[in-house]
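Listed below, chain by chain, are the residues.
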Amino acid sequence: MIKNIFSKKKKYASIPSGHAKYDVPEGIMTKCPKCKKIMYSKEIEKNLKVCNNCGYHFQMGARERIASLLDHGSFLEYDSDMRSENPLNFEGYLEKLEKDKEKTKLNEAVVTGEGTIGGFPVVIAVMDASFRMGSMGSVVGEKITRAIEKAKKKNIPFIIFTASGGARMQEGVLSLMQMAKTSAALKLFSDEGGLIISVMTHPTTGGVSASFASLGDYNFAEPGALIGFAGRRIIEQTIREELPEDFQTAEFLLKHGQLDSVLHRHQLRDTLINLLDIHQAKGDVDW
Amino acid sequence: MVGELEFEKPIIELKKKIHELKEFTKTADVDLSAEIEKLETRLKNLEKEIYDHLSPWNRVQIARHPNRPTTLDYIELLFENFFECHGDRYFGDDEAIVGGVAKFHGIPVTVIGQQRGKDTKDNIRRNFGMPHPEGYRKALRLMKQANKFNRPIITFIDTKGAYPGKAAEERGQSEAIARNLFEMAGFSVPIICIVIGEGGSGGALALGVGNHIYMLENSTYSVISPEGAAALLWKDAGLAKKAAETMKITAQDLKELGVIDDIIPEVKGGAHRDVQLQAKHIEQALKRSLKELTNMSGEELIRHRYEKFNSIGAVIDEQVTNTQ
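About the criteria used
- Residues numbered from 1 in each chain as written.
- Chains lettered and ligands numbered in written order.
- Predicted model: local features only at pLDDT ≥ 70, side-chain atom pairs only at ≥ 80, totals over all residues.
- Heavy atoms only, no water.
- Helix = DSSP H or I, 4+ residues; strand = E, 2+ residues; numbered from the N terminus.
- Expected span 1.5 Å × (residues − 1).
- Buried < 20%, exposed > 50% of the residue type's maximum accessible area, 1.4 Å probe, protein only.
- Polar contact = N/O pair within 3.5 Å; in protein donor to acceptor, adjacent residues only side chain to side chain.
- Contact = heavy atoms within 4.5 Å.
- Buried area = accessible area lost by both parts, 1.4 Å probe.
- Salt bridge = Lys/Arg side-chain N within 4 Å of Asp/Glu carboxyl O.
- Nonpolar A, V, L, I, M, F, W, Y, C, P; charged D, E, K, R; others polar.
- Phe/Tyr/Trp six-rings, centres within 6.5 Å; stacked < 30°, edge-to-face > 60°.
- Lys NZ or Arg CZ within 6 Å of the ring centre and 35° of its normal.

## Here's the deal with helix α13 (residues 275–293) of chain B
All names here are of chain B.
Phase 1: The terminal C-alpha atoms of α13 lie 26 Å apart, and with 19 residues this matches the ideal 27 Å at 1.5 Å per residue to within 8%.
Phase 2: Inspection of α13 places Gln-278, Ala-279, Ile-282, Glu-283, Ala-285, Leu-286, Lys-287, Ser-289, Leu-290 and Leu-293 among the buried residues, and these make up the whole buried set.
Phase 3: One side-chain oxygen at the N-terminal end of α13 lies 3.3 Å from the backbone nitrogen of Gln-276; it belongs to Asp-274.

Structural data, given as structure tokens:
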């Protein structure tokens, strides 16, 4: 019959295979959220976690960051076992901390310590957004403050990499006060001529952007990083204003005078070395 | 030749003639070397005649030459490891002013200057080198940083003036310029200012409160552009040439008035004829200044700057005469 010509009936049945699903183990491939290209995770890691197709900057953990910047083997960690209390007896807070500790192998959302970059000694603090969204509670505030004080005592530059959703809600107003505590430490350090370099990475928001992240002698950001105080949704819902597409990106901030430069991750180390070099140079007018 | 100016025409024509003759002798079987030599002597005399007697208006024309080297040209030739810093941390990044940190023969310095565009597109981006308030505020931020880290400040002045616009007024143009004058008086590091093109009004002075102030031989520095002066004084911007002659705006005039310390010689015909050589001339001045100023303490530098500006002005003070 002529009807049979148009029949779509399959001649063979396909049996779903449970095996095929597990052919590619979890984590071997990564899809770039920007250009959607699928790449080997290893390849991306080798490229400092930058998409080699479109330049998208994946988030970098604190340990990875330190390894990528500091001279090999030079890092000495401070306060590595400082841990949070539950000052407000917030339900489930300690459990959440435990879970993140397990997940990230970190004790808190910031790693601090000292080391050298291109031979120049620095104190460095690196936040990690995978631990409680990089939120700032008492431990984050205390570790950063102590690191700044160390830099002051040793008279060496202080470099901070920020990545944070803001103040940690579970510690309430104590979190808020960490903004003032860290800023005060920076003020005393700065008054003694200390060099402060801040590099904002994705995302840097809320109480962190409104304290130490913005107080560098040099403020940098990585391309595409979200940086701002009040989030887009809050602004849109409270004042009902349409916001531009690039609102609160690193590029938006550069245009609006908030950043010295937007630095691609591949330029970062060399730029830091150049600035550290200029800052320690003495020079002589004996020409 | 590209970009020749009206008053240079006789030189250009003579050069062309010499060139033609030289070409001709290559192909034809005549010896014109005596003729050529004569013409070359005449060229030398003519160049001397013209370039040694430039009128103020001629100098304005050279200072405005489209190929005149800009701040970034000199930064590239004079400094190492320049790193540009953006933004005033309040409102925006004004690309009519550039600034950053660098090294000058190994000495860390902060360099700032107005930046004109090289072509139309670039000029729109840089607003023809006319800053908005955020430009002055960026400059101030960088100068404060220099003061904190005890780095000498070097500024290149090259602007027709502050930008006369609505937005600039809304954001406090006057306050921004005033604040720079106020704060620059108090920095305890050497400040060296060089007028490289046009130094127009408060927009220029906002980078100009220095211990040493230089002008390139063909640059100008004045309270207002010649066109603006003509419009204000005679209600006719067309009288700019006359204004340029009467307003005393050339480097030679300002040296005489005691406003600047020294004139940096220019390449014959103007800095645009040889940027490398021009940079060398500037380098000499910078070396001299830094050597002198880095020997002074912070307090001495502040006092030195204060006395410099304190002594500028012309008054008849009867009281002083009476008590003498």
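Structure's up, so let's keep going.
## Focus: the interface of chain B and chain A
Phase 1: At the junction of the two partners, chain B supplies 29 residues and chain A supplies 32 residues.
Phase 2: On the chain B side of the interface with chain A, the three residues burying the most area are Phe-83, Arg-89 and Lys-148 of chain B, jointly 29% of the side's total.
Phase 3: Our count for the chain B to chain A interface comes out at four salt bridges.
Phase 4: There are 17 residue pairs in polar contact (both at pLDDT 80 or more) connecting chain B and chain A.
Phase 5: The element best represented in the side of chain B that touches chain A is strand β2 (residues 97–104) of chain B, accounting for four residues.
Phase 6: When grouped by side-chain class, the residues that make up the side of chain B that touches chain A number eleven nonpolar, eight polar and ten charged.

## A few points about the packing of aromatic side chains
Phase 1: Across all of its chains, the model carries seven aromatic pairs over all chains by this definition.
Phase 2: An angle of 80 degrees between the planes, with centres 5.7 Å apart, marks the rings of Trp-287 of chain A and Phe-104 of chain B as edge-to-face. Within this pair, whereas Trp-287 of chain A is found in the segment after α10 (265–280), its partner Phe-104 of chain B is found in strand β2, the two belonging to separate chains.
Phase 3: The ring of Tyr-78 of chain A carries Lys-150 of chain A above its face, with NZ or CZ at 4.2 Å from the centroid.

## Observations regarding the pattern of salt bridges
Residues and elements named next belong to chain B.
Phase 1: Counted under the stated rule, the structure contains 44 salt bridges over all chains.
Phase 2: Between Lys-160 and Glu-198 there is a salt bridge, with the nearest N and O atoms lying 2.9 Å from each other. One end of the pair, Lys-160, is in the loop between β4 (153–159) and α7 (166–170); the other, Glu-198, is in strand β5 (residues 191–200), and 38 residues separate them in sequence.
Phase 3: Here Lys-160 falls in the partly exposed class, since its relative accessible area comes to 41%.

## Describing unusual backbone geometry
Phase 1: Each neighbour pair has its own omega, and for His-202 of chain A with Pro-203 of chain A the value is -15 degrees, a cis peptide bond.
Phase 2: Secondary-structure assignment places Pro-203 of chain A in strand β7 (residues 196–205).
Phase 3: Even without a glycine there, the phi angle at Arg-132 of chain A is positive, about 45 degrees.
Phase 4: As for its placement among the helices and strands, Arg-132 of chain A is situated in the loop between β5 (120–127) and α5 (138–154).
Phase 5: Overall, Arg-132 of chain A belongs to the partly exposed group, its relative accessible area being 22%.
Phase 6: Residue Asn-81 of chain B is not a glycine yet carries a positive backbone phi of 55 degrees.

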